[in-house]
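Reading the structure
Given next are the chains, with one letter for each unit.
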Amino acid sequence: MLRTRKEIAFMVMAGIFITSAIVAELISAKLVYMGPYLAPMIAGIVPWPVVFLLTDVMNEYFGKQAVRRLSWITTGLIAFCFIIVYCAVKLPTAEGSWLSDAEFAKAFGGSLWIMIGSITAFIVSQLLDVQLFHFFNKLTKGKMIWLRSTGSTVFSQLVDSFIVAIIGLYLSGAYPLKMVLVLAITGYLTKLVIAVCLTPLIYVMHYLAKRILGEKHEHVIPGEE
């Protein structure tokens, strides 16, 4: 491992992919405004453009089997993070701590339900995205990068947005159903706009990937060459 450019590239992209996914869970308890005329949405949306780009490039150059495995590994690591955060919330706060029990629990306790919803949504949407990406890839015979990238995102992120909102925000009792639906719809539309806006960058990423990795070999998984 880590002897070839392909292996190093896979490891770096996988590390950024996993980090972005975990950070998205940790910061999702906060609502943010992405613009003066937009409804609020969870802060966890911020790292997802990175996940969009990496999922697309890794699908293209490492194949769906590699991305499936990475998705399952990431799901396990999110669950591991969930356990650590849960333990930290439950541990008694020492005197003189910068944050009180209530403040820490308010900041991270809400993330526990978000993580449960996100673990479910992440694996479902990622596996769906992989299948849809390769469906559109076959449909377009390897052409029209924008269609297979955006097309897979349209459906997979619809599932992701509503699963996260319903489990993480509604079942947790954090927000009423009406507010949860607004957050889910706003988040979904925002992801779609981001996906469309990232189209030029997707072509740049594919150009760089081709220069670094060479031609596509979808059957190759680092470590199994």
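Because the structure is predicted, anything quoted here is derived from the model rather than measured.

A short note on the nonpolar core
- Judged by nonpolar contacts, the single largest core of 48 residues is most densely connected at Met13, Phe17, Met58 and Phe62.
- If you list the elements that add at least two residues to this core, you get helix 1 (5-26), strand 2 (41-42), helix 2 (48-90), helix 3 (101-139), helix 4 (145-170), helix 5 (177-197) and helix 6 (199-213).
- A total of 16 residues in this core trace back to one element, the largest contributor, which is helix 2.
- Setting aside chain neighbours within four positions, we find Met58 in contact with Phe10, Met13, Ala14, Gly63, Val67 and Leu70.

Re a nonpolar patch on the surface
- A cluster of nonpolar side chains, contributed by Trp113, Ile116, Ile166, Tyr170, Leu171, Leu177, Leu181, Ile185 and Leu189, occupies part of the molecular surface with about 770 Å² of accessible area.
- Elements with a minimum of two residues in the nonpolar patch: helix 3, helix 4 and helix 5.
- Counting residues per element, the nonpolar patch draws most heavily on helix 5, at 4 residues.
- In this structure, Ile185 sits in helix 5.

What to know about the packing of aromatic side chains
- Inspection of the entire model under this criterion finds 3 aromatic pairs.
- Ring geometry for Phe82 against Tyr86: centres 6.5 Å apart, planes inclined by 15 degrees, an arrangement best described as stacked. A residue pair is termed a helical-turn pair when its members lie 3 or 4 positions apart in one helix, as Phe82 and Tyr86 do in helix 2 at 4 residues.
- By relative accessible area, which is 22% here, Phe82 ends up partly exposed.

Cut-offs applied
Residues numbered from 1 in each chain as written. Predicted model: local features only at pLDDT ≥ 70, side-chain atom pairs only at ≥ 80, totals over all residues. Heavy atoms only, no water. Core = buried A, V, L, I, M, F, W, Y, C linked by side-chain atoms within 4.5 Å. Buried < 20%, exposed > 50% of the residue type's maximum accessible area, 1.4 Å probe, protein only. Helix = DSSP H or I, 4+ residues; strand = E, 2+ residues; numbered from the N terminus. Contact = heavy atoms within 4.5 Å. Patch = residues over 30% accessible without salt bridge, like charges linked within 9 Å, V, L, I, M, F, W, Y side chains within 5 Å. Areas by Shrake-Rupley, 256 points an atom, 1.4 Å probe, with all protein chains shown as cover. Salt bridge = Lys/Arg side-chain N within 4 Å of Asp/Glu carboxyl O. Phe/Tyr/Trp six-rings, centres within 6.5 Å; stacked < 30°, edge-to-face > 60°.

Limitation: the analysis is restricted to geometry and does not speak to function.
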